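Read off the chains here:
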There are 2 protein chains.
Amino acid sequence: MVGGSVPVFDEIILSTALMNQVISFDDVSGTLVCQAGCVLEELSRHVEERDFIMPLDLGAKGSCHIGGNVATNAGGLRFLRYGSLHGTVLGLEVVLADGTVLNCLTSLRKDNTGYDLKQLFIGSEGTLGVITAVSILCPPKPKAVNVAFLGCPNFAGVLRTFRTCRGALGEILSAFEFMDAACMQLVERHLHLARPVQESPFYVLIETSGSHAGHDAEKLGSFLEHALGSGLVTDGTLATDQRRIKMLWALRERITEALSLDGYVYKYDLSLPVERLYDIVTSLRAHLGPRAKHVVGYGHLGDGNLHLNVTAEAFSTSLLAALEPHVYEWTAGQRGSISAEHGVGFKKRDVLGYSKPPEALQLMCQLKALLDPKGILNPYKMLPTQA
Amino acid sequence: MVGGSVPVFDEIILSTALMNQVISFDDVSGTLVCQAGCVLEELSRHVEERDFIMPLDLGAKGSCHIGGNVATNAGGLRFLRYGSLHGTVLGLEVVLADGTVLNCLTSLRKDNTGYDLKQLFIGSEGTLGVITAVSILCPPKPKAVNVAFLGCPNFAGVLRTFRTCRGALGEILSAFEFMDAACMQLVERHLHLARPVQESPFYVLIETSGSHAGHDAEKLGSFLEHALGSGLVTDGTLATDQRRIKMLWALRERITEALSLDGYVYKYDLSLPVERLYDIVTSLRAHLGPRAKHVVGYGHLGDGNLHLNVTAEAFSTSLLAALEPHVYEWTAGQRGSISAEHGVGFKKRDVLGYSKPPEALQLMCQLKALLDPKGILNPYKMLPTQA
């Protein structure tokens, strides 16, 4: 997304693909210890066989490595329920720039012996050290998973649905995703997926994960009854079996793929106050007019994370100039983040200042100089060209 | 506990008690932004009036400041459910050693714009900067809270009760605390609290917090029926009303107070693999013999966190020599932590090496030198005398 792992000039690529062994799994605490090159989906399978799940899940699960997930502080679809990797990663083994092996690979849930050094490397995009092993806390596998797919008449309705559903579903709510009508049209057109509810300006995907199928169904049922009865949502469908759950998730997970089939894609990944989340989409449509093919908004509403995408027949510098810094300035005006979960990499290193004050950028550069004085770890990435 | 905030030589005490204002609370996202001197209990009251709760709760809530909670990475009674402050703290404002105000006081749930600098200060015990404001994510207030207090015939039974109850209660489990018979005797003798179940070698306190009173009671009821029926626990009592819940919690929360009335107390706060959690208590009783008045174990079993306490008529260097480094060596042998949640402070700075390798201690000293080159922030604390 941001070119964090793409060699641009004279970089050497370091692959951890052969470091793909599970070191241990403790089925009382749910702690998994593994090498950095393990593929997320294979780890998921490993722990699911033991009645646990990974605390993160991404569209890219079939190819991404856990070391990369940690290095980029990946968010994804389970963030709403299980939180950030800063909370679920228990320990790391990291090779520093001078070759020192820093062994903080503890599997304890609580450890206040000194500074929590592993935190430095979570989300550092490989610029401070190379993560070689990970210890991570896995939640118990839910006994029941349900998915509801709903149509909402407007964005205010999406927000009210979120509030209502958080109250009604409480601790079993595990995802609250939204997409606009433009996303659905692209998914229908380019991937030939069928829309499961009647046409609406907005769609919401709600997932519950709980320990008692009967209780969960009752909670979800009474929420849906209320939501439909009060006009909060105009149509809805429910899935409880694995096949249909996958089908509904595909509508949300495959938006990226549909966009790539629509032309050149300008991608933005913003954190914004949830009430203002969709305003930028509407305003950008007006701002760009016919210069854009499609301006679409979707994402992890429950986390205040919008994926804003603009498609066009081909890349053009004039369209880029209409988008940037406009999108960044708008986001800064809301005190939002110009990179919620995608990171900084090569492409966004010089726009960090829209979300971070100069004092923070300076401290980042000082940390880089301390840990990698020769600048050999993922050079040209993440840190501003001048700071 | 560790003298982290006690002036020993020539330190100047800096109080944030007057910085006690709530800056904002967002009742959609549950984000609280406040000054560092706010008292935890007052913040709890503030957010509970708005149907949220603080993600942490401690015995010291009536006097401790949120800034201190964050600076010491406080654990406490809600850790099992809501996790570490590294996950729930969203932003910090910190004054650095040179007077720079580092404003990372974002209230966004997701923000991957550069290194997550706030993490450096969580658990740094004031040695890297002075926290002046905190942004923290508050979970929705549970609609139903239940507490069960059980007697177990042995520690293996406590562990099996934990496994069973995690399966049966799933996402509504919010605390799993244990105490041994010696703790109960001290609480009865010194505080005149009544034991609520028949005498047992071990006691367990289980709390559930959920969004549906009927469902929660059904889950807890069927768990208790199974636990009593299978002999996993020998006796149990249940509380659903606020007054009785408080009474049961007091048995666990007031152990510290009871210990202090028993004589001089040697305190250890260990993270250990949960299966070995109680072995150190048994082994220490044999090791110390009549030199100790009482050797007791209790704590946050669900987090693998044991509070090991030894009482004697008065402090004696010979008893201390029998305890240390024995307890630390035993813990290191299990790859445990010699400070799970209490921190390092003045008393444990020279025993960090039992839980951290030399490379980690060196990096900690480098970070201290970078952020506080003159060593003016909480001097003589946390970092080893020689490293």
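The rules behind the values
Residues numbered from 1 in each chain as written. Chains lettered and ligands numbered in written order. Predicted model: local features only at pLDDT ≥ 70, side-chain atom pairs only at ≥ 80, totals over all residues. Heavy atoms only, no water. UniProt positions renumbered as here; feature names shortened; annotations may be inferred. Axes fitted to C-alpha atoms, helices over the stretch in contact; angles between N-to-C directions. Helix = DSSP H or I, 4+ residues; strand = E, 2+ residues; numbered from the N terminus. Parallel < 35°, antiparallel > 145°, perpendicular 65-115°, else oblique. Left-handed = near helix turned anticlockwise from the far one by under 90°. Contact = heavy atoms within 4.5 Å. Nonpolar A, V, L, I, M, F, W, Y, C, P; charged D, E, K, R; others polar. Least-squares fit on C-alpha atoms with pLDDT ≥ 70 in both. Buried area = accessible area lost by both parts, 1.4 Å probe. Salt bridge = Lys/Arg side-chain N within 4 Å of Asp/Glu carboxyl O. Polar contact = N/O pair within 3.5 Å; in protein donor to acceptor, adjacent residues only side chain to side chain. Core = buried A, V, L, I, M, F, W, Y, C linked by side-chain atoms within 4.5 Å. Buried < 20%, exposed > 50% of the residue type's maximum accessible area, 1.4 Å probe, protein only. Pairing = 2+ DSSP bridges. Patch = residues over 30% accessible without salt bridge, like charges linked within 9 Å, V, L, I, M, F, W, Y side chains within 5 Å. Areas by Shrake-Rupley, 256 points an atom, 1.4 Å probe, with all protein chains shown as cover. 1 Å grid on protein atoms, 1.4 Å probe; cavity = no way out; pocket = protein on both sides within 12 Å on 5 of 7 lines; lining within 4 Å. Points joined across faces, edges and corners; volume = space filled by probe spheres on them. Expected span 1.5 Å × (residues − 1). Domains from an automatic or database assignment.

With an unreviewed UniProt entry as reference, chain A is termed D-2-hydroxyglutarate dehydrogenase, mitochondrial, source organism Propithecus coquereli. Here is the UniProt Function (unreviewed entry) comment for chain A, exactly as written: "Catalyzes the oxidation of D-2-hydroxyglutarate (D-2-HG) to alpha-ketoglutarate. Also catalyzes the oxidation of other D-2-hydroxyacids, such as D-malate (D-MAL) and D-lactate (D-LAC). Exhibits high activities towards D-2-HG and D-MAL but a very weak activity towards D-LAC." Taken verbatim from the UniProt record of chain A, the Cofactor (unreviewed entry) comment is "FAD".

A. Spotlight on the packing of helix H6 (residues 155–169) of chain A against helix H8 (residues 213–229) of chain A. All names here are of chain A. Taken N-terminus to C-terminus, the directions of H6 and H8 make an angle of 150°; their axes are 9 Å apart at the nearest point. Put simply, H6 runs roughly antiparallel to H8. Our pair here, H6 against H8, has a crossing hand that is right-handed. Between H6 and H8, the contacting residues are Thr161, Thr164, Cys165, Ala168 and Leu169 on the first element and Lys219, Leu220, Phe223 and His226 on the second. For the contact of H6 with H8, the residue count by class is 5 nonpolar, 3 polar and 1 charged.

B. Region of the structure containing the relation of the copies chain B and chain A. Its rotation angle being 180°, the transformation that places chain B on chain A also includes 0.0 Å of axial translation and leaves an RMSD of 0.0 Å. Within this description, the copies of the chain are treated as partners about a two-fold rotation axis. Taking the C-alpha atom as reference, chain B places Gly87(B) closest to the rotation axis, 2.1 Å from it. Here 100% of the interface residues in chain B have copies in chain A that are interface residues too; the copies meet face to matching face.

C. Inspection of the interface of chain B and chain A at higher detail. Taken together, the contact between chain B and chain A spans 89 residues of the former and 89 residues of the latter. Interface area, chain B with chain A, both sides summed: about 6,700 Å², of which 58% is carbon and sulfur. Broken down residue by residue, the surface that chain B buries against chain A is led by Lys110(B), Asn112(B) and Tyr115(B), which jointly contribute 15%. At the boundary of chain B and chain A, one finds 8 salt bridges. One salt bridge in this structure joins Lys110(B) and Asp303(A), with 3.9 Å as the shortest N-O distance. There are 40 residue pairs in polar contact (both at pLDDT 80 or more) connecting chain B and chain A. Breaking the side of chain B that touches chain A down by element, the ones donating at least two residues are helix H3 (79–82), helix H4 (85–88), strand S4 (101–104), helix H5 (118–121), helix H6 (155–169), helix H8 (213–229) and helix H14 (358–371) of chain B. Ranked by residue count, the leading element in the side of chain B that touches chain A is H14(B), at 9 residues. Grouping the amino acids of the side of chain B that touches chain A by side-chain chemistry returns 34 nonpolar, 34 polar and 21 charged.

D. Main features of the pattern of salt bridges. This structure, assessed with the given rule, holds 34 salt bridges over all chains. Of the charged contacts, one joins Asp57(A) and Lys61(A) as a salt bridge, the two residues approaching to 3.1 Å between their closest N and O atoms. By sharing partners, the salt bridges in this structure join Arg109(A), Lys110(A), Asp303(B) and Glu341(B) into a single network.

E. Focus on the nonpolar core. Core analysis: the biggest nonpolar cluster contains 88 residues, and Met54(A), Ile66(A), Phe121(A), Ile136(A), Met54(B), Ile66(B) and Phe121(B) have the highest contact counts within it. Once residues within four sequence positions are removed from consideration, Phe121(A) is found in contact with Val70(A), Ala71(A), Leu92(A), Val94(A), Leu96(A), Leu102(A), Leu128(A), Gly129(A), Ile131(A), Leu371(A) and Leu363(B).

F. The pairing of strand S8 (residues 202–210) of chain A, seen in detail. All names here are of chain A. Burial analysis of S8 places 9 of its 9 residues in the buried class, the great majority of the element. Burial of S8 is two-sided: the residues Phe202, Val204, Ile206, Thr208 and Gly210 facing one way and the residues Tyr203, Leu205, Glu207 and Ser209 facing the other way are all buried. Where strand S6 (residues 144–152) and S8 come together, 9 bridges link them in antiparallel fashion. By the bridge assignment for S8, Ala148 is matched with Ile206.

G. The arrangement of a nonpolar patch on the surface in detail. Where nonpolar side chains cluster on the molecular surface, the patch consists of Val8(B), Phe9(B) and Phe346(B) and spans about 270 Å² of accessible area. Turning to its location among the elements, Val8(B) is positioned in the segment before strand S1 (22–26).

H. Local environment of empty space enclosed by the protein. Scanning the entire structure with this criterion turns up 4 cavities of 30 Å³ or more. Considered as a void within the structure, the largest cavity measures approximately 110 Å³ in volume. Lining of the largest cavity is provided by 13 residues; of these, Gln119(A), Leu120(A), Asp116(B), Gln119(B) and Leu120(B) occupy positions nearest its centre. For the lining of the largest cavity, the secondary structure elements donating two or more residues are helix H5 (118–121) of chain A together with H5 of chain B. When grouped by side-chain class, the residues that make up the lining of the largest cavity number 9 nonpolar, 2 polar and 2 charged.

I. The arrangement of the sheet that holds S8(A) in detail. Residues and elements named next belong to chain A. Judged by pairing direction, the sheet is antiparallel, and its 7 strands sit side by side in the order S9-S6-S8-S7-S11-S12-S10 without closing on themselves. The sheet terminates laterally at strand S9 (235–239) and strand S10 (264–271), the two strands that pair on one side only. Neighbour-to-neighbour, the strand axes of the sheet open up by a mean angle of 15°, direction not taken into account. Strand direction decides the pairing type here: strand S7 (residues 173–180) and strand S11 (residues 294–300), joined by 2 bridges, are antiparallel. Its bridge partner being in S11, Met179 is matched across the sheet by Tyr298. Along the sheet, helix H7 (residues 181–191) contacts S6, S7, S8 and S11; its crossing angle with S11, the most-contacted strand, is approximately 100°.

J. Fine view of H6(B). Residue and element names in this part refer to chain B. Taking 1.5 Å per residue as the helical rise, H6 with its 15 residues ought to reach 21 Å, and the 20 Å between its terminal C-alpha atoms agrees with that figure. Taken together, the buried positions of H6 are Phe155, Gly157, Val158, Leu159, Thr161, Phe162, Cys165, Arg166 and Leu169. For H6, the elements touching its buried residues are strand S6 (144–152), strand S7 (173–180), strand S8 (202–210) and H8. Phi for Gly170, located one or two positions after H6, is positive at around 50°.

K. Examining unusual backbone geometry more closely. All names here are of chain A. Following Glu324, the chain continues into Pro325 via a peptide bond in cis, with omega recorded as 10°. Of note, Pro325 is situated in the loop between helix H12 (317–323) and helix H13 (326–333). Here Tyr380, not a glycine, exhibits a phi torsion of approximately 65°, which is positive. Mapped onto the elements of the fold, Tyr380 is located in the segment after helix H14 (358–371).

L. Structural view of the UniProt feature "domain: FAD-binding PCMH-type" (unreviewed entry) in chain A. Per the UniProt record, "domain: FAD-binding PCMH-type" (unreviewed entry) is found at residues 1–141 of chain A. Annotation note: span residues 1–141 of chain A, helix share 19%, strand share 21%, distance between end C-alpha atoms 30 Å.

M. How the structure looks around the domain arrangement of chain A. All names here are of chain A. Structurally, chain A comprises domain 1 (22–137), domain 2 (144–257) and domain 3 (263–352). Relative placement of domain 1 and domain 2: their C-alpha centres are 30 Å apart. Facing 7 residues of domain 1, the contacting portion of domain 2 comprises 11 residues. Joining domain 1 to domain 2, the criterion identifies 1 salt bridge. Glu253 serves as the salt-bridge partner of Lys61, at 3.9 Å between the closest nitrogen and oxygen. Across the contact surface, domain 1 and domain 2 share 3 residue pairs in polar contact (both at pLDDT 80 or more). Residue composition of the side of domain 1 that touches domain 2, by class: 3 nonpolar, 1 polar and 3 charged.

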